[in-house]
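# Survey of secondary and tertiary structure
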Amino acid sequence: MKRIFNHLTMTLATAAALTACQPQSNGIRLEHQGDTLTIVHITNPTRYLILPIQESCNEGKVKLITGSPADMAMDVRLAVDSVEYYVPFALPQGAKEATVTIGRVAANAICWDSIRLADTFDTTNTDYYRPVYHHTPLYGWMNDANGLVYKDGEYHLYFQYNPYGSKWGNMHWGHSVSRDLIHWEHLDPAIARDTLGHIFSGSSVIDKNNSAGYGKDAMIAFYTSASDEHGQIQCMAYSNDNGRTYTKYEKNPILTPFDGLKDFRDPKVFWYEPAQKWYMIVSADKNMRFYSSTDMKNWEYLSQFGEGYGVQPNQFECPDFVQLPVDGNKDNMKWVMIVNINPGCPFGGSATEYFVGEFDGKEFKCDTDKSVTKWLDFGKDHYATVCFSNTGDRTIAVPWMSNWQYANVTPIRQYRGANALPRELSLYTKNGEIYMAANAVKETEGLRKGTTPVNDFTLADEHLVSPLATGAEGACELEMDITPGKAQATGFQLLNDKGEKVDIYLDMKAGRLVMDRTQSGLTAFGEKAEPHAKETDDHRKTESVNYINDFALGTWAPLSLCEGKTYHLDVFVDKCSVEIFVDGGRIAMTNLVFPTQPYNTLRFYTQGGEAEVKNLKVHQLGL
Ligand code: FRU
């Protein structure tokens, strides 16, 4: 990830000190109208009003007043008794004055001492757990990947983004671009929350035939506007500058639920060649609904799929629908419906399942029985996974690397939310069944900064590889072929000097690959919270769950998906994550971990028989 650092002319600390000495100077006059409303009068506005944040506070309402009916209050947790960090609130440029109203923040809150104007905002990393090579926002909250699209050499990664704090809220589409899927450049948010609601998840396409009338090759984004007032409705916006800025369609919404459904979101749009039409799939509670259109503005309902399929109970979110060759044979193409569900993960919370079948232009028919569930990833931190459009023969998916059970309280502050590595999807058969493999894209080889091969060894008891030749801050990729032979269990621990460890092993008795993170480092970061005290009916707003049980656990995958005898493991370790890909992605497993110092030792072990470890390579990773 390429980080673009903007620097404050003054450091935050100096600025705070200055503000304290000269309260309400520097172009800001505060007018408190009781405890419910403060009017911030600004003369000669700089680029930003810098807002002090305290995450445990209730959300205040911050609104730039322009006099337009489109003025929209943003929800900001302004600091009441201690400032944890700051966020920038953009001010209009060129005017002599600006007015911002702030509601629901007490007149004696501490934020009023350090609210200030600035032309720059320092995004230098301050988080210990910031990944070395995974995509994260510079600051603020991120969840689902949105609108993934490739155009003119750039991969566009939009994402659910809160620019006003590191907890869920104020959904915008944040934006980063990459030419190689590993180095990301951060751009300004592309679509901002508005009076129709939060800008929830969705997709983007390239309008090659100018179906929507915004020009050939315009980028068209589809998203859900979500608000209490209007519910969940589908909207569109277009871009003629390669996705940097979007204009919202003036007649939004383009689609509302015919039955008033409350959960109706995350539109996935794709071109369906046989019908020469655009298709949209919208998650509709426990179904995925299909629509078609010629102009992208008028949508006709076709069918729905899903009720009763896969894990129960569930809530469908973030659909994707891709056509792939089975075992690389283009004469045998299958459709795959990707369904993100929350709850439903076998280990609790959020997960991604998929269904393989046929599509006739109207209905999707799944090949397997309703009770069959196939998982795209067997970890606990893989969600809202969707694919890029316009990538030709390649199908590349990007997951959000977290879980709604604890996403809002991970031990991170400046930002929250990372993407797992982009994955190449393909179909393979095992025992007559078709499955989807998800392997790290080959571009990740570009992360390798040096490789240390380790001699093959027979594992009779234990074998240490120490110190591990990793890149900065423990970032590495471990490749190896393990043959368990007669061992009952064999594998390795990723260890640090404090004894914190991630245990990764093949449990041959149970036929499972296991990743155990119970002793991986910080695992009880929500410890003080009352178990399940503040859960709400909106999972995104859950503030306090029993994190000890929800976070710290092992996850497992069936080894029957693999080829057998020898297992090729490709393990990616970053500051706060471990991703495993077995046999080219037949098993993918993604889990967050929070070691208090980097893992620097591999301790191999076996139980009940000898095992062979061959072709072990330790790649240092970095950008
Ligand atoms: C999935 C999800 C989506 C929704 C978005 C809101 O994680 O709940 O269904 O569009 O997050 O941020």
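Bear in mind the structure is a predicted one, so any value in this text is a computation, not a measurement.

Rules used in this analysis
Residues numbered from 1 in each chain as written. Predicted model: local features only at pLDDT ≥ 70, side-chain atom pairs only at ≥ 80, totals over all residues. Heavy atoms only, no water. Salt bridge = Lys/Arg side-chain N within 4 Å of Asp/Glu carboxyl O. Buried < 20%, exposed > 50% of the residue type's maximum accessible area, 1.4 Å probe, protein only. Helix = DSSP H or I, 4+ residues; strand = E, 2+ residues; numbered from the N terminus. Pairing = 2+ DSSP bridges. Axes fitted to C-alpha atoms, helices over the stretch in contact; angles between N-to-C directions. UniProt positions renumbered as here; feature names shortened; annotations may be inferred. Core = buried A, V, L, I, M, F, W, Y, C linked by side-chain atoms within 4.5 Å. Domains from an automatic or database assignment. Contact = heavy atoms within 4.5 Å. Phe/Tyr/Trp six-rings, centres within 6.5 Å; stacked < 30°, edge-to-face > 60°. Lys NZ or Arg CZ within 6 Å of the ring centre and 35° of its normal. pLDDT = per-residue confidence, 0-100.

## What to know about the pattern of salt bridges
This structure, assessed with the given rule, holds 29 salt bridges. Ionic pairing is found between Lys 216 and Asp 217, a salt bridge with its closest N-O pair at 3.8 Å. A residue is classified by how much of its surface remains accessible, and Asp 217, at 30% relative accessible area, is partly exposed. In this structure, Asp 393 engages Lys 330 in a salt bridge whose closest nitrogen and oxygen atoms are separated by 2.9 Å. With a gap of 63 residues between them, Asp 393 in the loop between β26 (383-387) and β27 (396-400) and Lys 330 in strand β22 (residues 329-341) connect regions that are remote in the sequence. By relative accessible area, which is 53% here, Lys 330 ends up exposed. A single salt-bridge network, built from bridges that share partners, covers Lys 262, Asp 263, Arg 265, Asp 266 and Glu 317.

## Description of unusual backbone geometry
Here Asn 252 and Pro 253 are connected by a cis peptide whose omega angle stands at 5 degrees. Structurally, Pro 253 can be placed in the loop between β16 (247-248) and β17 (264-272). Positioned with a positive phi, Ala 384 is a non-glycine residue whose angle comes to about 55 degrees. In this fold, Ala 384 is placed in strand β26. You will see that Lys 565, though not glycine, has its phi angle at about 60 degrees, which is positive. Checked against the element boundaries, Lys 565 lands in the loop between β38 (554-558) and β39 (567-574).

## Comments concerning the sheet that holds β38
As summarised here, the arrangement of the 6 strands in space is β33-β42-β35-β36-β37-β38, forming an open sheet in which the pairing is antiparallel. Edge positions in the sheet fall to β33 (462-465) and β38, since each of these pairs with one other strand and no more. Strand-to-strand twist in this sheet, taken as the mean axis angle between neighbours without regard to direction, amounts to 15 degrees. Looking at chain direction, strand β37 (residues 512-516) and β38 are connected through 5 bridges and run antiparallel. Counted as the bridge partner of Val 514 is Trp 556 from β38.

## A closer look at the UniProt feature "domain: DUF4980" (unreviewed entry) in the chain
According to UniProt, the feature "domain: DUF4980" (unreviewed entry) maps to residues 34-133 in the numbering used here. Secondary structure within residues 34-133 divides into 4% helix and 38% strand; the distance between the first and last C-alpha atoms comes to 48 Å.

## Comments concerning the pairing of strand β4 (residues 60-65)
Only one face of β4 is covered, namely the face carrying Gly 60, Val 62 and Leu 64; the face carrying Lys 61, Lys 63 and Ile 65 is uncovered. Pairing analysis gives 5 bridges linking β4 to strand β7 (residues 97-103), with the strands arranged antiparallel. When the bridges of β7 are listed, Lys 61 appears paired with Gly 103.

## Focus on the sheet that holds strand β1 (residues 28-33)
A sheet is described by the order of its strands in space; here 5 strands give the open sequence β1-β2-β7-β4-β5, paired in antiparallel fashion. Across the chains shown, the open sheet's two edge strands, defined by having one partner strand only, are β1 and β5 (74-76). Averaged over all pairs of adjacent strands, the angle between strand axes in this sheet comes to 25 degrees, irrespective of strand direction. Of the pairings in the sheet, the one linking β4 to β5 comprises 3 bridges and is antiparallel in character. Each residue of the ladder has a partner; that of Gly 60, found in β5, is Val 76.

## A word on the UniProt feature "domain: Glycosyl hydrolase family 32 N-terminal" (unreviewed entry) in the chain
Sequence positions flagged by UniProt for "domain: Glycosyl hydrolase family 32 N-terminal" (unreviewed entry) are, in local numbering, residues 134-435. Along residues 134-435 the backbone is 0% helical and 52% strand, and the end-to-end C-alpha distance reaches 26 Å.

## Notes on the nonpolar core
A general trend in soluble globular proteins is that nonpolar side chains are found buried together. Core analysis: the biggest nonpolar cluster contains 91 residues, and Met 337, Phe 364, Leu 478, Ile 504, Leu 569, Ile 580 and Phe 604 have the highest contact counts within it. Built from parts of two domains, this core gets at least three residues from each of domain 2 (140-440) and domain 3 (446-517 + 553-621). Ignoring anything within four residues of it in the chain, the contact list for Ile 580 reads Ile 504, Leu 513, Met 515, Leu 569, Asp 570, Val 571, Ile 587, Ala 588 and Met 589. Core analysis: the next-biggest nonpolar cluster, separate from the first, contains 32 residues, Leu 157, Met 171, Ala 226 and Val 441 among them.

## Observations regarding the environment of Leu 181
Examined against the element boundaries, Leu 181 turns out to sit in the loop between β11 (172-178) and β12 (185-191). In the structure, Leu 181 is positioned 25 residues away from His 156 in sequence and 9.3 Å away in space, judged by C-alpha atoms. Among all residues touching Leu 181, those that are not within four sequence positions of it are Tyr 155, Phe 388, Ile 396, Pro 422, Val 441 and Glu 443.

## Considerations on the environment of Leu 522
Summarising the element assignment, Leu 522 is placed in the loop between β37 and α3 (547-551). C-alpha separation for the pair Leu 522 and Pro 411, spaced 111 residues apart in sequence, amounts to 8.2 Å. Aside from chain neighbours lying at most four places away, what touches Leu 522 is Tyr 129, Pro 411, Phe 551, Phe 594 and Thr 596.

## Let's talk about the pairing of β27
Burial of β27 is extensive: 5 of the 5 residues sit out of reach of the surface. Pairing between β26 and β27: 3 bridges, direction antiparallel. Its bridge partner lying in β27, Cys 387 is registered against Ala 397.

## With respect to the packing of aromatic side chains
With the rule as written, the count across this model stands at 45 aromatic pairs. Arranged with centres 6.0 Å apart and planes meeting at 70 degrees, the rings of Trp 168 and Phe 200 form a pair that is edge-to-face. In this pair, Trp 168 is assigned in the loop between β10 (154-162) and β11 and Phe 200 in strand β13 (residues 198-207), connecting sequence segments 32 residues apart. You'll find Trp 168 and Phe 200 in the same group, each marked buried. Both rings, one in Phe 290 and one in Phe 359, keep their centres 5.0 Å apart while their planes meet at 20 degrees; by these two values the pair is stacked. Of this pair, Phe 290 sits in strand β19 (residues 287-293) while Phe 359 sits in strand β23 (residues 351-359), and the two are 69 residues apart along the sequence. Here Phe 290 and Phe 359 have matching classes, each one buried. In this structure an aromatic cluster arises from ring pairing among Phe 270, Tyr 272, Tyr 279, Phe 290, Phe 305, Tyr 309, Phe 321, Trp 335, Phe 355, Phe 359 and Phe 364. Seen from the ring of Tyr 86, Arg 116 lies directly overhead, with NZ or CZ sitting 4.7 Å from the centre.

## A few points about the confidence of the model for the chain
In the predicted model, the chain carries a mean pLDDT of 92, and the fraction of residues at 70 or more is 92%. For residues 1-24, every residue scores under 50 in pLDDT, and the model assigns this stretch 49 contacts once sequence neighbours within four places are set aside. Note that pLDDT drops below 50 for residues 542-547; the model gives that stretch 29 contacts with residues more than four away or on any other chain.

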